[in-house]
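Observations on chain architecture
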Amino acid sequence: HGQRDTAQILLLRGAKYLPDKNGVTPLDLCVQGGYGETCEVLIQYHPRLFQTIIQMTQNEDLRENMLRQVLEHLSQQSESQYLKILTSLAEVATTNGHKLLSLSSNYDAQMKSLLRIVRMFCHVFRIGPSSPSNGIDMGYNGNKTPRSQVFKPLELLWHSLDEWLVLIATELMKNKRDSTEITSILLKQKGQDQDAASIPPFEPPGPGSYENLSTGTRESKPDALAGRQEASADCQDVISMTANRLSAVIQAFYMCCSCQMPPGMTSPRFIEFVCKHDEVLKCFVNRNPKIIFDHFHFLLECPELMSRFMHIIKAQPFKDRCEWFYEHLHSGQPDSDMVHRPVNENDILLVHRDSIFRSSCEVVSKANCAKLKQGIAVRFHGEEGMGQGVVREWFDILSNEIVNPDYALFTQSADGTTFQPNSNSYVNPDHLNYFRFAGQILGLALNHRQLVNIYFTRSFYKHILGIPVNYQDVASIDPEYGKNLQWILDNDISDLGLELTFSVETDVFGAMEEVPLKPGGGSILVTQNNKELLLSGMPEIDVSDWIKNTEYTSGYEREDPVIQFVTGSSRVPHGGFANIMGGSGLQNFTIAAVPYTPNLLPTSSTCINMLKLPEYPSKEILKDRLLVALHCGSYGYTMA
């Protein structure tokens, strides 16, 4: 405030705006310190300085967080100022993006400049005077609002990006046809009776390779083949030269799409973009997997898109994947030049050694989550020591306490090395709070790279990641039990007299209890005819039965033309749709109406077997949205 007031007084008295002997201007000093209020005063007296600030976004020597702070303050002064800043940033970003797509430009400098400007653009957009809280006021949902118009300059860049990718896709397809053609010629010369599977993949022939090629009716002269190979090499060269540049623009496109969506929701426009250019993007990352870590951060936020590249990601070194994860995890946290941030006494977690689990649960539940992500300070009651050594000990002790049988939260697998949630945890009245606390501790340990002394079963990890489990995962809990299940599947059990039923016996604190796997399962014998049904469900789908056991809510009726039927499984439980299980027992399939907005995709609440189907105005739009959801939404969960 003192700097702002000083500038105000000097300018009122007619002070001139001049640089010092080193060429540093008052605006330079204000931006370097993040003094938005003083910048506002300078712009009031010298309006031309507004554009100077916008151009400063391209200056790598200025700290991004300070410049962002200035833009944040200026954008809060009025709606018109907010829109002016965003439009100007969008124009500068578009110019930088086109320079990046020019192969003669410096890739590293232009890439950093573009992403830096787009980050600031998205930040200002989100914290605007009327920041959107849902998907209704989003520019990329098709609504023409003043807020959406600030993205208009960027459409030129996205159009150029699309044209580049379509061009490369065309060349890839052309070269694929040419390669197939040449391979056919080579195979023909090697004899029709030779097994095609024994022929190695086509490689550009060396000198003299064309001597034995036929020159029959089909043109196959050396110069024709050489031309095709040269074209193929040219295409690969183009990919090598453009992949990183285009991938950086794709990253900018994703950032702009995402800043218009509610947290946790992927932009339908971006999903369609990835689906449209799927082959080219996979070609990029197959040739240079580093692109995933440098520019495809959207994969970490979009499980539905991650699945399309999972085989490539899994093939990368674990260390690289870890660094990618942590780079993305910490990218949204406030940066600081301070090496040692002073600890506020109120932020120290004060815990008791003799009741470390309960006291830690209490203090963590009251702590600020954002501050815990930035850093943790722990002190044991009655002790003076603090620092990373104490934090490591705290995590180590808690990891052992989490699986302490006294809390009944987790049980050991048969081999005693892994743990899974205890189905009888309800005996502990605080079990839900303790489960939540256990999740927080494991999340914080992951966030701060702290090792914990716990290993979970494969099926539990799958649940955490939202990956469907199958009967084979039983082997990670009890190998012998899993082996027996597999034996039953692989062998005829008709005359063995096993007397198995659709139920299991479980140990509940020393007493064995029978738990049915389906209603009345304790009285249904497992036979040779139904043992597949026990594990895999019925392969046939009875649509009439499905309709009979479907409920309609939020305004839908059975006769509505938009009604569709979907399921999270390709099989039906034994007994039909009446026996579909939900999160808390039997749960009919339900179709709920959702108000329609342009580009909205259907979603589902899998825990309660509910399809949330927008009220699409036409069959064509319904088909288009369903196809996008089917082709691009293979994996991914969020909280309803």
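Look above for the structure.
Residues numbered from 1 in each chain as written. Predicted model: local features only at pLDDT ≥ 70, side-chain atom pairs only at ≥ 80, totals over all residues. Heavy atoms only, no water.

Notes on the packing of helix α6 (residues 79–101) against helix α7 (residues 107–126)
Convention followed: Angular values range over 0 to 180 degrees, each being the angle between N-to-C directions of two axes fitted as lines to C-alpha atoms, with helices fitted over their stretch in contact. Under the scheme used here, helices are H or I runs from DSSP no shorter than 4 residues and strands are E runs no shorter than 2 residues, and both carry numbers assigned from the N terminus. Put simply, angles under 35 degrees are roughly parallel, angles over 145 are roughly antiparallel, angles from 65 to 115 are roughly perpendicular, and the rest are oblique. Here is the rule for handedness: rotate from the far helix to the near one, and if that takes an anticlockwise turn smaller than a right angle the crossing is left-handed, while a clockwise turn gives right-handed. Contacts between residues were defined by any pair of non-hydrogen atoms, one from each residue, lying within 4.5 Å.
One way to put it is that α6 packs onto α7 with a least axis distance of 9 Å and a crossing angle of 160°. Classed by the angle they form, the pair α6 and α7 counts as roughly antiparallel. Helix-helix and strand crossings are classified by hand; for α6 and α7 the assignment is left-handed. Contact with α6, carried on its side by Tyr82, Ile85, Leu86, Leu89, Ala90, Val92, Ala93, Asn96, Gly97, Lys99 and Leu100, involves Tyr107, Gln110, Met111, Ser113, Leu114, Ile117, Val118, Met120, Phe121, Val124 and Phe125 of α7 and no other residues of that element.

Details of the packing of aromatic side chains
Note on aromatic pairs: each is described by the distance of the centres and the angle between the planes. Filter applied, for reference: Only rings of Phe, Tyr and Trp enter the pairing, Trp through its six-membered ring, and a pair is recorded when the two centres are within 6.5 Å. The plane angle decides the type: under 30 degrees is stacked, over 60 is edge-to-face, the rest tilted. Throughout this description, buried means an accessible area under 20% of the type-specific maximum (1.4 Å probe, protein chains only), exposed means over 50%, and partly exposed covers the range between. Only when the NZ of Lys or the CZ of Arg is both within 6 Å of the ring centre and within 35 degrees of the ring normal is a charge said to sit over the ring.
By the definition in use, this model includes 24 aromatic pairs. Summarising the aromatic geometry, the rings of Trp158 and Phe253 are spaced 5.0 Å apart at their centres and angled 55° between planes, so their arrangement reads as tilted. With Trp158 in helix α9 (residues 155–190) and Phe253 in helix α10 (residues 222–258), this pair connects stretches of sequence that are 95 residues apart. Per residue, the accessibility class of Trp158 equals that of Phe253, and both read buried. Ring centres of Phe296 and Phe298 lie 5.0 Å apart, and the angle between their planes is 40°; this geometry places the pair in the tilted category. In this structure an aromatic cluster arises from ring pairing among Trp158, Phe253, Tyr254, Phe270, Phe273, Phe296, Phe298 and Phe309. Across from the ring centre of Phe50, 4.3 Å away, lies the NZ or CZ of Lys84, which sits over that ring.

Thoughts on the sheet that holds strand β7 (residues 550–553)
Applicable threshold: Two strands qualify as a pair provided that DSSP identifies no fewer than 2 bridges between them.
Ordered in space as β7-β10-β12-β11, the 4 strands form an open sheet in which the pairing is mixed. At either margin of the open sheet sits one strand with a lone partner, and together these are β7 and β11 (603–605). Between one strand axis and the next, the sheet turns through 25° on average, direction left out of account. Relative to strand β12 (residues 610–614), strand β10 (residues 589–594) runs parallel, the two sharing 5 bridges. Among the inter-strand pairings, Val594 is bridged to a residue of β12, identified as Pro614.

Looking at a nonpolar patch on the surface
Filter applied, for reference: Two joining distances apply to patches: 9 Å for like charges and 5 Å for nonpolar side chains (Val, Leu, Ile, Met, Phe, Trp, Tyr), and every residue must have over 30% relative accessible area and no salt bridge. Shrake-Rupley sampling with a 1.4 Å probe provides the accessible areas, and residues are treated as covered by the protein chains on show and by no other component. For salt bridges, the criterion is a side-chain nitrogen of Lys or Arg within 4 Å of an Asp or Glu carboxyl oxygen.
Residues Tyr455, Tyr461, Ile464, Leu465 and Ile467 make up a contiguous nonpolar surface patch of about 550 Å² in total accessible area. Following the sequence through the fold, Ile467 ends up in the loop between α21 (458–465) and α22 (479–490). Judged by relative accessible area, which is 36%, Ile467 ranks as partly exposed.

So, helix α2 (residues 26–33)
Basically, it comes down to this: Of all possible arcs, the one meant is that of the directions from the helix axis to the C-beta atoms.
Of all the positions in α2, only Leu27, Cys30 and Val31 are classed as buried. Seen end-on, α2 carries its buried residues on one side only, within an arc spanning 95°. Of the surrounding elements, those touching the buried residues of α2 are α1 (2–12), α3 (36–45), α4 (49–56) and α5 (64–75). Residue Gly34 follows α2 closely and has a positive phi angle near 70°.

Notes on the nonpolar core
Selection criterion: The nonpolar core is taken to be a set of buried Ala, Val, Leu, Ile, Met, Phe, Trp, Tyr and Cys residues, with the residues joined through side-chain atoms within 4.5 Å.
Core analysis: the biggest nonpolar cluster contains 82 residues, and Phe121, Phe270, Phe284, Phe296, Phe298 and Leu299 have the highest contact counts within it. Those residues in contact with Leu299 that lie beyond four places of it in its chain are Ile292, Leu305, Met306, Phe309, Ile313 and Trp324. Grouped together as the second largest cluster of nonpolar side chains are 30 residues, Val364, Leu372, Ile441 and Phe460 included.

Remarks on the pairing of β10
Among the 6 residues in β10, 5 count as buried, and that is most of the element. Pairing between β7 and β10: 4 bridges, direction parallel. Bridging across to β10, Thr553 finds its partner in Ala592.

Things to note about the pattern of salt bridges
Under the counting rule described, the total for this entry stands at 18 salt bridges. Among the salt bridges present, the one from Lys276 reaches Asp162, with a minimum N-O distance of 3.1 Å. Taken together, the positions of Lys276 in helix α11 (residues 268–276) and Asp162 in helix α9 put the pair 114 residues apart, joining distant regions of the chain. The shortest N-O distance in the salt bridge between Arg353 and Glu393 comes to 2.9 Å. Here the residue Arg353 occupies a position in the loop between β1 (349–351) and α17 (356–366), and Glu393 occupies one in helix α19 (residues 388–402), the gap between them amounting to 40 residues. Linked through salt bridges whose partners overlap, the residues forming this network are Arg4, Asp5 and Glu37.

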